[in-house]
Each structure stands twice: as structure tokens, then as C-alpha cells.
Amino acid sequence: MLLRKFSAPKTFYPLAGKLMPWFFWTFAVLGAVGLYWGLVLAPVDAVQGQAYRIMYVHVPSAWMSMMIYTSMTAAAIAALIWRTKVAELWLLCSPALGASFTFITLVTGSLWGKPMWGAYWVWDARLTSELVLLFIYFAILAMKSAIPDRRKAARVMAMITVVGFVNIPIIKFSVDWWTTLHQGDSIFRKGGPSIAPSMLIPLFMTALSFTSYYFWLVLKRIRTMIEKTENERKTA
Amino acid sequence: MNNGGFTIRRYFFFCLRVLFRQRRDVALPLFFFLLVSSLFPLAFANHAVPLLAPAALWITTLLSVLLSLGNLFREDAEDGFMEQLMTAKQPLPLLVAAKMLAHWVAYILPMFICLPLIGLWYAMPPDTLSVLTLSLLLGTPTLLVLGGLAAALAAGLKQGGTLLILITLPLATPILLFGLTMVDMAQNGLSYAAARDFLAAMAVVSGGIGPMVIAASLRIGLD
């Protein structure tokens, strides 16, 4: 019941407005501290040297690329079953952000790959499935721009999102299922993380900062869209 | 039997009849399939042909299937027949299944009939050709369902054909990869059971839930 109440644009709008500053300041403060800690203060890696520092952008972006898709899938299910308006808006506002994070993941990954692996790109399972994720985001965005009616666009996007979700576990577990050039999990793994705390804490900071950035922006975009719809209704 | 005028089986034969009366439209994807298949051996260096043939053939098939799906629902959507089907007594998923099956018979079966000829062009050993044929037989149902889903969502749109390709290709990538893994394993004398079973499982799943998902997508796409 509570969820239903907050899923109406009328109640969601002020709620989002109240949450936005929290997300913004978490993003700004943790981003600044985490990046300074990670890029400047954290010790140099014994094997990878300075190059490992790109992970403070690469890893959180990769998490975001999957997290955004997963949140979109949840929204897609709500949009398809209950036609929840806020879920539809969530779906309309998220894919561009998801695609951006996926793009950043791929670019930072290849920049790191050149000195470490000797190649900007290899067709390894992790890299390929992440690239496929980018293409799925593009397909969803293409549908969004092709359909003028927003509510219909959202439901079409929802359908593609749900079907494309199969790719998410493939990305997550690609390093376990196949022998990949991409290294395995070093954080969420059996026996605890294999990274020293002095390197891990700033990583969590940037991860939380990126997550807050996404929530801040997605709420901002949803609010803008609600305002737009209101204005259209008033002028119509 | 009065089922509001028609049975699912009659609808299937009706779809086939419609497709065979549009022989030219049905022939185009097949012609595309043959044309592109002939381009690869011309473009590849001679020694590379046997190595790349399975991949070339899989990609050609994938693109031909997508090309054929461009008009899967478009005409029915344009002339209002789809609305009739949606309000018919028969469940829409079964009608969709019948239509997809007719589509497979009219568009994709001829491609399989041409495979021996293409095997000849690619100088493919019979063993490889048979495994490749099996991989395509198991893979095309899933491709058809993924493409059908995209076709249903894009049915009411102007740029439907392009969008269909854009949506289906990333989703179809795993099928392509498993199909080629199967051929690759067989060529190296290894057991290809795992990839074969995966493709078969996907075919069963998409055959089972595909028509329902496509029916739901049609209701969204033509909303």
C-alpha cells in the first residue's frame, strides 16, 4: 500500500525532491574524497603499478552498468504488470545513464588493457557481454526515440529490457564460467576481498558516489518529465 | 465445429496460402541468403574459406531471418486484420504460434534446402555440414522468436525493419556463439553435446513461452 502511494507521480514528485540533495551531496563528497584517496593517496600496486588506479572509475562504472539495468528490469516488470507510472518514468529516464556508464566501463577498460594485456580490445566473454549490454541499451534507446507516445514507449522498452536481462548474469558470472583474460572477482568472492583495505575503501567510496549520482540524476530527470507532462496537460 | 469461424490449424494453412501467393516477397530473403552466401567465398582468400565458412553461414542465416521478419506482422497490422485476430475467440498466443510456424515453413525451410548447395560452394566436408545444419535447425526457432518479439514491438512503426534488426542482433548474440561453438567443437573432433543441448533448451523455451510473449508484445506494439 505504501509502495502504491509513493508510485503515484503526485506523491513521488515531492519525495524525489526531498531525496535529491542527499544523493547529490553523497555523490559530491564521497566522489571527491574517494577519487583523491584512490588516485593520489592509495599505495601503488605491486604488480600493476600506477595503472591499477583506473579501477576507481572502471569498477564502479561496471557495477553501475549492471545495477541500472537491474533496476530497469524491476521497473519494467512493474510497468508491464501494474502499469505503474513512476516505473514507466524510471524506465524512460534510466537507459541513457546506463549506456553512459557502460561506455565509460568499456573505454576505461581498454585504456587499462593496452598497458596490461597489450591490446585495447580482446573478444573475451566479459568484454563481449559488456559490449552486448551497450548494444541492448542502444536498442532500448532507439525504441524510445521511435515512439512518440511516452507511455507506449515505456511499455515497449519494458518488454525489451526484460528479455535482455539474461545478459546480466552472463556478464556477472562470465569470469567464473569461462576462462577469461579479464581477471576474476576480487571483491565479492568466497573468502573475502583480495584487495588491501587501503585500496578497497576508496573503491567503495567511488562506488557509492556513482550510485548516488545515478539516483540524483534519475530523480531529477523523472521530476522534469513529470513537470513537462503537467505543462502539456495545462496548455492542451 | 464452430469456433467463431476457424480453427488454429485452418489459420496455419491460411497463413501458408497467403505467404505462397506472395511468392516474390517470400523469395527475396532466400535470394538475399544465396547472394550473401556466395559473396563470402569470393571475398575470403581460398585457404580461409573452410575456416570461416560456418561463421559466414551463421551470420548470413541470422541476417536473412531478420530480413524475412520485416513483414511478419506489418501487413496484418496495416489492414486491420491483427485487430480481428486480437478480438477472435482463439487465444492470440496460439494464432501467433501458427503464424510463426507458417513463417518458418515458407521462409526458413527453403534456406535449409539450399544448404547442401552452399556446402558445395564452401567445399565443406559432409560431417561439418551436417553439424552446421543441426546447429541452425536448433538455433533458428530461437532467432525467429527473438525477431518475432522485436517485430511485434515495432509493428506499428515506420522504421520497423531497421529497429527490428537493432533490437534482435544483441539479443541473438548468444545463440550465434553457441551455434558456432557447436560446429567448432565438431570440427576439432570434440563432443559438442553441451552447446547442442543449450541450443535445444533455448529452442524449447522460446517455442513454449515465445508465442505468449509475442502476443503480449503485439498488444503493446499495436496499442
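Residues numbered from 1 in each chain as written. Chains lettered and ligands numbered in written order. Predicted model: local features only at pLDDT ≥ 70, side-chain atom pairs only at ≥ 80, totals over all residues. Heavy atoms only, no water.

Draft legend 1. Seen up close, the overall build of chain B. On a plain count of helices and strands, chain B comes out with nine helices and zero strands. N-terminal to C-terminal, the α/β element order of chain B is α-α-α-α-α-α-α-α-α. Here the C-alpha radius of gyration of chain B, 18 Å, is about what a compact globule of 223 residues would show, namely 17 Å. Across the 223 residues that make up chain B, the buried fraction comes to 47%. Taking all contacts inside chain B whose residues are at least 6 apart in sequence as the whole, residues at least 24 apart take part in 82%. Surface exposure of chain B reaches about 10,700 Å², of which carbon and sulfur atoms provide 68%. The centroid of the 12 positive side-chain charges in chain B is displaced by 10 Å from the centroid of its 10 negative side-chain charges. (Helix = DSSP H or I, 4+ residues; strand = E, 2+ residues; numbered from the N terminus. Rg over C-alpha atoms; globule rule 2.2 N^0.38 Å. Buried < 20%, exposed > 50% of the residue type's maximum accessible area, 1.4 Å probe, protein only. Contact = heavy atoms within 4.5 Å. Areas by Shrake-Rupley, 256 points an atom, 1.4 Å probe, with all protein chains shown as cover. Lys, Arg positive; Asp, Glu negative; His and termini not counted. Charge placed at Lys NZ, Arg CZ, Asp CG, Glu CD.)

Draft legend 2. Representation of the interface of chain A and chain B in the model. Listed by partner, the interface residues are 16 residues for chain A and 18 residues for chain B. Between chain A and chain B, roughly 1,600 Å² of surface is buried when both sides are summed, and carbon and sulfur atoms account for 82% of that area. Contact with chain B buries area across many residues of chain A, yet Met-143, Lys-152 and Met-159 of chain A alone supply 32% of it, more than any other trio. Scanning the region where chain A abuts chain B turns up zero salt bridges. On inspection of chain A and its partner chain B, the count reaches one residue pair in polar contact (both at pLDDT 80 or more). Where the side of chain A that touches chain B is concerned, the elements lending two or more residues are helix H6 (125–146) and helix H7 (150–164) of chain A. Of the residues belonging to the side of chain A that touches chain B, the class tally is 13 nonpolar, one polar and two charged. (Buried area = accessible area lost by both parts, 1.4 Å probe. Salt bridge = Lys/Arg side-chain N within 4 Å of Asp/Glu carboxyl O. Polar contact = N/O pair within 3.5 Å; in protein donor to acceptor, adjacent residues only side chain to side chain. Nonpolar A, V, L, I, M, F, W, Y, C, P; charged D, E, K, R; others polar.)

Draft legend 3. Main features of the pattern of salt bridges. Considering all chains together, one arrives at six salt bridges over all chains under this definition. Note that Arg-151 of chain A is salt-bridged to Glu-88 of chain A, the shortest N-O span being 2.9 Å. Here Glu-88 of chain A lies in helix H4 (residues 85–93) and Arg-151 of chain A lies in helix H7, a separation of 63 residues in the sequence. With relative accessibility at 38%, the residue Arg-151 of chain A sits in the partly exposed group. For Glu-88 of chain A, a relative accessible area of 4% gives the class buried. A salt bridge links Lys-99 of chain B to Asp-76 of chain B; the nearest nitrogen and oxygen atoms lie 3.3 Å apart. Highlighted residues: Lys-99 of chain B in helix H6 (residues 92–121) and Asp-76 of chain B in helix H4 (residues 74–78), separated in sequence by 23 residues. Exposure remark for Lys-99 of chain B: the relative accessible area of 14% places this residue in the buried category.

Draft legend 4. Up close: the confidence of the model for chain A. Per-residue pLDDT for chain A has a mean of 90; in total, 97% of the residues score no lower than 70. Put simply, helix H1 (residues 2–6) of chain A is where chain A has its lowest mean pLDDT, 63, and helix H3 (residues 55–81) of chain A is where it has its highest, 95. (pLDDT = per-residue confidence, 0-100.)

Draft legend 5. Inspection of the packing of H3 of chain A against H6 of chain A at higher detail. Residues and elements named next belong to chain A. Viewed as axis vectors pointing N to C, H3 and H6 meet at an angle of 45°, and their least axial separation amounts to 11 Å. The angle between the axes of H3 and H6 places the two elements in the oblique class. Of the two elements, H3 crosses H6, and the hand of that crossing is left-handed. Of the residues in H6, those touching H3 at Ser-65, Ile-68, Tyr-69 and Met-72 are Glu-130, Leu-133, Ile-136, Tyr-137 and Ile-140. When its residues are assigned to classes, the contact of H3 with H6 shows seven nonpolar, one polar and one charged. (Axes fitted to C-alpha atoms, helices over the stretch in contact; angles between N-to-C directions. Parallel < 35°, antiparallel > 145°, perpendicular 65-115°, else oblique. Left-handed = near helix turned anticlockwise from the far one by under 90°.)

Draft legend 6. Inspection of the confidence of the model for chain B at higher detail. Residues and elements named next belong to chain B. In the predicted model, chain B carries a mean pLDDT of 89, and 98% of its residues have values of at least 70. Within chain B, no element has a lower average pLDDT than H4, which sits at 83, and none a higher one than helix H7 (residues 126–153), at 93. We note a pTM of 0.91 for the whole complex and an ipTM of 0.87 for its interfaces.

Draft legend 7. The packing of H4 of chain A against H7 of chain A, seen in detail. All names here are of chain A. Put simply, H4 and H7 touch, their axes get as near as 9 Å, and they point 70° apart. Relative to H7, the element H4 lies roughly perpendicular. Every residue of H7 that contacts H4 at Lys-85, Glu-88, Leu-91 and Leu-92 is listed here: Arg-150, Arg-151, Ala-153, Ala-154, Arg-155, Met-157, Ala-158 and Thr-161. Considering only residue class, the contact of H4 with H7 consists of six nonpolar, one polar and five charged.

Draft legend 8. Expanded view of the environment of Gly-208 of chain B. Here Gly-208 of chain B is to be found in helix H9 (residues 193–221). Its relative accessible area of 41% is what places Gly-208 of chain B among the partly exposed residues.

Draft legend 9. A look at the packing of aromatic side chains. Residues and elements named next belong to chain A. Taken as a whole and judged by the stated rule, the model has 24 aromatic pairs over all chains. Between Tyr-213 and Trp-216, the ring centres sit 6.1 Å apart and the planes meet at 50°, which makes this aromatic pair tilted. In this pair, Tyr-213 and Trp-216 are both assigned in helix H9 (residues 197–235), three residues apart and thus about one turn of the helix distant. The class of Trp-216 is buried, set by a relative accessible area of 17%. An aromatic cluster is built from Phe-24, Trp-25, Phe-27, Phe-101, Phe-210, Tyr-213 and Trp-216, whose rings are joined through pairwise contacts. (Phe/Tyr/Trp six-rings, centres within 6.5 Å; stacked < 30°, edge-to-face > 60°.)

Draft legend 10. Highlighting the nonpolar core. Counting 124 residues, the largest nonpolar core has Met-143 of chain A together with Phe-73 of chain B as the members making the most contacts within it. When neighbours within four sequence positions are excluded, Met-143 of chain A is seen to be in contact with Val-156, Met-157 and Ile-160 of chain A together with Leu-153, Ala-154, Leu-157, Leu-163 and Ile-167 of chain B. Counting 10 residues, the second largest nonpolar core, distinct from the first, contains Ala-42, Val-59, Ile-187 and Leu-200 of chain A. (Core = buried A, V, L, I, M, F, W, Y, C linked by side-chain atoms within 4.5 Å.)

Draft legend 11. Representation of the side chain of Ser-61 of chain A in the model. All names here are of chain A. Within the element layout of this structure, Ser-61 appears in helix H3. What makes Ser-61 buried here is its relative accessible area of 0%. Within the structure, the side chain of Ser-61 is placed 2.6 Å from the backbone oxygen of Val-57, a separation counted as a polar contact. Contact partners of Ser-61, with chain neighbours within four places excluded, come to Phe-101, Ile-104, Thr-105 and Phe-210.

Draft legend 12. Representation of helix H3 (residues 49–69) of chain B within the structure. For H3 of chain B, built from 21 residues, the straight-helix expectation of 30 Å at 1.5 Å per residue is met to within 8% by its first-to-last C-alpha distance of 29 Å. Along H3 of chain B, the sharpest kink reaches roughly 25°, centred on Ala-55 of chain B. (Expected span 1.5 Å × (residues − 1). Bend = angle between axes of the 7 residues up to and from the residue.)

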